[in-house]
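Residue strings, one per chain:
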Amino acid sequence: MTATVTSTSAQPARAGITFPDGFVWGAATASYQIEGAAREDGRGPSIWDTFSRTPGKVFAGHTGDVACDHYHRYAEDVALMAELGLASYRYSVSWSRIRPDGTGPVNTRGLDFYDRLTDELLGKGIDPVVTLYHWDLPQTLEDQGGWPARSTAEAFAEYAEVVYRRLGDRVATWTTLNEPWCSAYLGYGSGIHAPGVQNPVSAFRAVHHLLLGHGLAARALRAAGAKSVSITLNPCEVSPLDPANTADQAAARLIDGVANRIFYDPLLLGRYPADVLEHIARFTDLDYIRDGDLEVVNAPIDVLGINFYTPAYVSAQPGRPGALDYPGSEGVAFRPPVGPVTDMNWQIEPASLTRLLTRIHRDYPGTPMMITENGAAYPGGTADQPRIDYVDGHLRACHDALAAGVDLRGYFLWSLMDNFEWAEGYAKRFGIVHVDYTTQQRVLKDSAKWYREVIRRNGLE
Ligand code: FCB
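Our subject in this report is the structure included herewith.

Each value, and the rule that gives it
- Residues numbered from 1 in each chain as written.
- Predicted model: local features only at pLDDT ≥ 70, side-chain atom pairs only at ≥ 80, totals over all residues.
- Heavy atoms only, no water.
- Helix = DSSP H or I, 4+ residues; strand = E, 2+ residues; numbered from the N terminus.
- Buried < 20%, exposed > 50% of the residue type's maximum accessible area, 1.4 Å probe, protein only.
- Contact = heavy atoms within 4.5 Å.
- Lys, Arg positive; Asp, Glu negative; His and termini not counted.
- Charge placed at Lys NZ, Arg CZ, Asp CG, Glu CD.
- Salt bridge = Lys/Arg side-chain N within 4 Å of Asp/Glu carboxyl O.
- Axes fitted to C-alpha atoms, helices over the stretch in contact; angles between N-to-C directions.
- Parallel < 35°, antiparallel > 145°, perpendicular 65-115°, else oblique.
- Pairing = 2+ DSSP bridges.
- Expected span 1.5 Å × (residues − 1).
- Near = heavy atom within 4 Å.
- Polar contact = N/O pair within 3.5 Å; in protein donor to acceptor, adjacent residues only side chain to side chain.
- Areas by Shrake-Rupley, 256 points an atom, 1.4 Å probe, with all protein chains shown as cover.
- 1 Å grid on protein atoms, 1.4 Å probe; cavity = no way out; pocket = protein on both sides within 12 Å on 5 of 7 lines; lining within 4 Å.
- Sits in = over half its atoms within 2 Å of the grid points.
- Nonpolar A, V, L, I, M, F, W, Y, C, P; charged D, E, K, R; others polar.
- Points joined across faces, edges and corners; volume = space filled by probe spheres on them.

1. Here we look at the overall build of the protein
Looking only at helices and strands, the protein has 15 helices and 15 strands in total. Reported as C-alpha extents along the three principal axes, the dimensions of the protein are approximately 60 × 50 × 45 Å. Within the protein, the proportion of its 461 residues that are buried is 61%. Nonlocal contacts in the protein, meaning residues at least 24 apart in sequence, comprise 77% of its contacts between residues at least 6 apart. Across the protein, the 41 positively charged side chains and the 55 negatively charged ones have centroids separated by 1 Å.

What follows is the structure in structure tokens.
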């Protein structure tokens, strides 16, 4: 189960670095991963409730029913954040707490929870960054077609406005979606995430309706007065295994299209790339992309959120079957991780984050960015030097990107505390705070104490 854990601490000592004044230091979580209280105060079921109860989908049958019990312990958790000196906290709102069936009556008790959480944060001087959708679609909406259906995008914008009307007087930064790549391709392509569908046509339609949902929500938020609107992507930093090999280059270009440019170009340029449209057209007609949609998707954003964990290397391998989460990737081979990996078996290569950020800066100039997630899973207790090394390396990579002219505004560590890691259940621990799931006791790991010093110093030693 558990992959090799390798520390990078043997590296030579490096020079101290300082981040720009005002660089935002934060930590992130997501509703289904930490809240628990799955049936409380009028919350309706989401696709993750259904999926986690479906035998064989989540490690050892784990569910988010209790998770970190953050719904009840939020004040204690905010106190921990204050102890760490976080300037900002990125949390997500559970749609099915706010509108239990996705579109119907608003459940004020759900809004009350985020109201209390927001006030608790502000009371401790911590700036909330709200993500409106971190994968927990109300089950009723999935039953009506889910993200492959256009109506879900419309419902999302309505829900976004409901939340804004309650919290907008105190929350400045509004992120519409977290990682639409995962929602579309893991949810409807490979089916390893909820709702567990395996259908490339559904996956491509989901991509478009997620983008449209973002655009409609961005418009609604802005009209209601939102000052800062964003979306968080998880780009695949993909390179040809042999940079000089034209077939490998074409393989990398294909993956870059299906995973990255399919999001970047509509969001930032207001169009789909021609090669990507051709690619999708191999699976489905394109009539679900309606006139005017891309103008909506191209709504101005104030910052682009980037979640980053690991790079990818691909080569051409004729005859190889495609990966379901990259529909149409027949003939492309992903290289297994090389060198040090985390407990997710994700290769550790900080320089790949610098490449990713500088590429966006080069190809989409003038895009302000924020690292909205970065971190590592390691097993065990509070002695977690490998996590410190991972974050240290990636912060240096961010600093290199800043030096190269990238407009990078901040860094949110994933995650504040150990939590429900989706299909991996509680088996993978990403927290800088250790959670004992039997007692719900929280204990700072070494990485949390180290991060506190990074924040205090606004840099690394
Ligand atoms: C990201 C998710 C986040 C967490 C990390 C490890 O893809 O946004 O919820 O699971 O990976």
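2. Overview of the pattern of salt bridges
Think of it this way: side chains of opposite charge can pair up when their charged atoms draw near. By the definition in use, this model includes 38 salt bridges. The shortest N-O distance in the salt bridge between R170 and D169 comes to 3.0 Å. A relative accessible area of 61% places D169 in the exposed class. Across the salt bridge formed by R396 and D392, the nearest N and O atoms sit 2.7 Å from each other. With R396 and D392 both in helix 14 (residues 385-403) and four residues apart, the pair spans about one turn of that helix. For R396, a relative accessible area of 11% corresponds to the buried category. It is possible to trace a salt-bridge network through shared partners that takes in D112, D115, D119, R166, D169 and R170.

3. Comments concerning the packing of helix 10 (residues 246-269) against helix 11 (residues 274-281)
Two measures define how a pair of helices packs: the angle their axes make with one another and the distance between the axes. One can describe the packing of helix 10 onto helix 11 by two numbers: an axis separation of 10 Å at closest approach and a directional angle of 95 degrees. Classified by the angle between their axes, helix 10 and helix 11 sit roughly perpendicular to one another. Residues R253, L254, G257, V258, R261 and I262 of helix 10 form the contact with helix 11, whose own contacting residues are D275, V276, H279 and I280.

4. Details of the sheet that holds strand 3 (residues 88-92)
If you walk around this closed barrel you meet the eight strands as 2-3-4-5-6-8-11-12, and the pairing is parallel. Neighbouring strand axes in the sheet, compared pairwise and without regard to direction, differ in orientation by 25 degrees on average. Of the strand pairs in this sheet, strand 2 (residues 24-28) and strand 3 are connected by three bridges, and their pairing is parallel. Bridging from a neighbouring strand, A28 pairs with R90 of strand 3. The strands touched by helix 15 (residues 446-457) are strand 2 and strand 12 (408-414); relative to strand 2, the strand with the most contacts, the crossing angle is about 155 degrees.

5. So, helix 15
Along its twelve residues, helix 15 runs 17 Å from first to last C-alpha, staying within 8% of the 16 Å computed at 1.5 Å per residue. Buried residues in helix 15 make contact with strand 2, helix 3 (70-84), helix 14, strand 12, strand 14 (441-444) and strand 15 (459-460).

6. Observations concerning helix 14
The end-to-end C-alpha separation of helix 14 is 27 Å, in line with the 27 Å expected for 19 residues at 1.5 Å each. G405, located one to two residues past helix 14, shows a positive phi value of around 100 degrees.

7. A short note on the site of the ligand
If you check the shell around the ligand, you find Q33, H134, W135, N178, E179, N307, Y309, E373, W414, E421, W422 and F430 and nothing else. Between an oxygen atom of the ligand and a side-chain N or O atom of Q33, the distance comes to 2.7 Å. Measuring from an oxygen atom of the ligand, one finds a side-chain N or O atom of E179 at 2.6 Å. Compared with its free state, where it exposes 290 Å², the ligand has 96% of that area covered by protein. A molecule is said to occupy a pocket when more than half its atoms come within 2 Å of that pocket's grid points, and by this definition the ligand occupies the largest pocket. Classifying every residue of the shell around the ligand gives five nonpolar, four polar and three charged.

8. Points about the layout of surface pockets
Estimates place the volume of the largest pocket at around 1,100 Å³. Looking at the largest pocket, it is lined by 39 residues, and the ones nearest its centre are W181, L186, T310, Y326 and W346. Listed by contribution, the elements that provide at least two residues to the lining of the largest pocket are helix 8 (180-188) and strand 9 (311-316). Partitioned by chemical class, the residues of the lining of the largest pocket number 23 nonpolar, nine polar and seven charged.

The analysis is restricted to geometry; functional conclusions fall outside its scope.
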